[in-house]
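# An overview of the molecular structure
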Amino acid sequence: MSAKSSSDKHKAILLICDGLGDRPSIDDGKTPLQAAYTPNLDELSASGINGLMDVISPGIVPGSDTAHLSLFGYNPYRYYPGRGVFEALGADMELHKGDVAFRANFATVDDEMQVIDRRAGRKGSKELAEILNGLEIDGVKILLKNTTEHRCAVVMKGEQLSRYVSDVDTHEAGGFVQECKPLKNGEAERKTATIVNKFVRMSYELLNDHPINAERRQKGELPANIILLRGAGSYVDVTSMKERFGFSAACVAGASLYKGVAKYLGMHVLTVEGATGKADTNLHNKVEVALNALEEHDFVFLHVKDTDNNGHDGNFEGKKKTIERIDEELVARLKDTDAYIVVTGDHSTPVSIKRHSSDPVPVVIKGDGVRTDEVNKFDEFSVASGGLNRIRGIDLMPILSDFMGYYKMYGT
Ligand code: ZN
Ligand code: ZN
């Protein structure tokens, strides 16, 4: 297979390992990436150009959503529509300009509206979701889809809606369901908050005594008796990557957020059997789909989530093992294609602090014509002396698209 479409145009794969970057461990001062055995990543570093990357800008702690926008060349301060939009797009819901979308959960509350479990025992119900799907409140149509486990996406369609409303989800058990409040002093914000509050109340009334929940209680399970909303977003049309850079882009990801970001930017989201966004994900299928996608597309975004999950869990060994799996199952297959290969993370998720941090992430680009440097190990420390030095996430796509032959000259 030739990965080149014509003599002056080249293809590329961007592998993003979520939350890849880390800090030195207290035991031996090594990061999981340093401690991991990664002969294939090291080979990429030795034959490529390396550096550190501030995905948004130095000192800014990125969310995965804003980080990915930046990596695809879209300034998140200008293009971030709010998380709910990506969640709904990732769930294959259709969005139009002006629609407001939310992340949502089935949850368990008592009759005082105190949250017993904000995930309803991690068990949703497609049947209960159908009861709430298509409700109309004050002239606004509400669509709801149960995606995985307790998770849902909600879309509101109607006039004068706003994303500037507060979360209903308390984010912890024992708290009370919060009232949704307008975050700006405007008609649309007040209207949206009112509808959210009515919808949450209605979800409780329709779900609490439903036979499915009676059955769950009988079996000793938590009832899914309310929907809690958070992360409001407002859909807008953006210039697609194809229009912007001139190449056709495809996405290979398991977790819905990343598929949603890809869809938002006009990428083709490919289906991969066994891609789950978790530890059990099928990396073999993902890499095969990504390599095949190069036949039809110029740019393939390949995402692996589990590095970030291990960071959040504070699991050093788990993160190290995931990196070794990526090296063995993905990078070993990728490294010999003719396409440009870029490997990086969307932010650091240090196991020592179990959250995202602003520590820059390592990045390597391998392919025709790159100025190779002295770096021969892919980790946070080694790449610091590489030829890319220190770039921002938003610089990555312009650099890569120039290598790929899709450049626009500035001036004459
Ligand atoms: Zn992330
Ligand atoms: Zn994370």
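Report follows, based on the coordinates. Remember, predicted model here, so these are calculated numbers, not experimental data.

Criteria and cut-off values
Residues numbered from 1 in each chain as written. Chains lettered and ligands numbered in written order. Predicted model: local features only at pLDDT ≥ 70, side-chain atom pairs only at ≥ 80, totals over all residues. Heavy atoms only, no water. Donors = N, O, S within 2.8 Å, 3.2 Å for Na, K, Ca; no water. Tetrahedral: all angles 85-135°; square planar, octahedral: opposite > 155°, others 65-115°. Axes fitted to C-alpha atoms, helices over the stretch in contact; angles between N-to-C directions. Helix = DSSP H or I, 4+ residues; strand = E, 2+ residues; numbered from the N terminus. Parallel < 35°, antiparallel > 145°, perpendicular 65-115°, else oblique. Left-handed = near helix turned anticlockwise from the far one by under 90°. Contact = heavy atoms within 4.5 Å. Core = buried A, V, L, I, M, F, W, Y, C linked by side-chain atoms within 4.5 Å. Buried < 20%, exposed > 50% of the residue type's maximum accessible area, 1.4 Å probe, protein only. Pairing = 2+ DSSP bridges. Polar contact = N/O pair within 3.5 Å; in protein donor to acceptor, adjacent residues only side chain to side chain. 1 Å grid on protein atoms, 1.4 Å probe; cavity = no way out; pocket = protein on both sides within 12 Å on 5 of 7 lines; lining within 4 Å. Points joined across faces, edges and corners; volume = space filled by probe spheres on them. Nonpolar A, V, L, I, M, F, W, Y, C, P; charged D, E, K, R; others polar.

## What to know about the coordination of the zinc ion (ligand 2)
- For the zinc ion (ligand 2), the full set of protein donor atoms is Asp308 (OD), Asp308 (OD), His312 (NE2) and His356 (NE2), and the range of their distances to it is 2.0 to 2.6 Å.
- Seen from the zinc ion (ligand 2), its 4 donor atoms lie at angles of 54 to 144 degrees, and the figure they make is irregular.
- Here the donor residues of the zinc ion (ligand 2) are spaced in sequence according to D-x3-H-x43-H.
- Separating the zinc ion (ligand 2) and the zinc ion (ligand 1) is a distance of 4.6 Å.

## Remarks on the packing of helix 3 (residues 64-71) against helix 10 (residues 256-264)
- Two elements in contact, helix 3 and helix 10, have axes separated by 10 Å at closest approach and are oriented at 40 degrees. Here helix 10 runs oblique to helix 3, going by the angle between their axes. The element helix 3 and its partner helix 10 pack so that their crossing is right-handed. Seen from helix 3, the contacting residues are Ser64, Asp65, His68 and Leu69; seen from helix 10, they are Leu257, Tyr258, Val261 and Tyr264.

## Details of the nonpolar core
- With 53 residues, the main nonpolar core has Phe72, Met241, Tyr264, Leu265, Phe299 and Leu396 as its most contacted residues.
- Sorting elements by how many residues they give to this core places helix 10 first, with 5 residues.
- Judged by nonpolar contacts, the second largest core, of 39 residues, contains Val109, Ile137, Val165 and Leu229.

## Some words on the pairing of strand 3 (residues 100-109)
- Within strand 3, 9 of the 10 residues are buried, which leaves the element mostly enclosed by the surrounding structure.
- The pairing of strand 3 with strand 7 (residues 151-157) spans 6 bridges and is antiparallel. Note that in strand 7 the partner of Phe102 across the bridge is Val154.
- Here strand 3 runs beside strand 8 (residues 226-234); their pairing, made up of 7 bridges, is antiparallel. Note on strand 8: the bridge partner recorded for Ala107 is Ile226.
- The pairing of strand 3 with strand 4 (residues 115-117) spans 2 bridges and is classified as antiparallel.

## A closer look at the environment of His356
- The topology assignment puts His356 in the loop between strand 12 (340-344) and strand 13 (361-366).
- Distance in space between the C-alpha atoms of His356 and Lys320 is 17 Å, their sequence separation being 36 residues.
- With residues near it in sequence (within four places) discarded, His356 still touches Val61, Pro62, Gly63, Ser64, Asp308, His312, His347, Ser348 and Thr349.
- At 2.9 Å, the side chain of His356 forms a polar contact with the backbone oxygen of Pro62.
- Within the structure, His356 has its side chain in polar contact with the side chain of His312 (distance 3.2 Å).

## Re empty space enclosed by the protein
- All chains considered together, the criterion is met by 1 cavity of 30 Å³ or more.
- In this structure, the largest cavity encloses a volume near 50 Å³.
- Considering the residues around the largest cavity, the lining is formed by 14 residues, among which Asp54, Val55, Pro62, Ser358 and Asp359 are closest to the centre.
- Considering only residue class, the lining of the largest cavity consists of 7 nonpolar, 5 polar and 2 charged.

## Digging into the side chain of Ser248
- Structurally, Ser248 can be placed in the loop between helix 9 (241-245) and strand 9 (249-252).
- Within the structure, Ser248 has its side chain in polar contact with the side chain of His297 (distance 2.6 Å).
- In this structure, Ser248 is in contact with Lys242, His268, Glu296, His297, Asp298 and Phe299, ignoring residues within four places of it in sequence.

## Things to note about the sheet that holds strand 14 (residues 389-392)
- With respect to topology, 8 strands assemble into an open sheet ordered 10-9-11-1-12-13-2-14, the strand pairing being mixed. Whereas interior strands pair on both sides, the edge strands pair on one side only; in this sheet they are strand 10 (268-269) and strand 14.
- Two strands pair when backbone bridges link them, and strand 1 (residues 12-17) and strand 12 are joined in this way by 5 bridges, in the parallel orientation. Looking across to strand 12, one finds that Ile16 is bridged to Thr344.

## A word on the layout of surface pockets
- Here the largest pocket is characterised by a volume of approximately 1,500 Å³.
- Along its surface, the largest pocket is lined by 49 residues, and Arg83, Arg103, Arg151, Ala255 and Lys305 are the ones closest to its centre.
- In terms of residue count, helix 12 (residues 306-313) provides more of the lining of the largest pocket than any other element does, 6 residues in total.
- Classifying every residue of the lining of the largest pocket gives 13 nonpolar, 18 polar and 18 charged.

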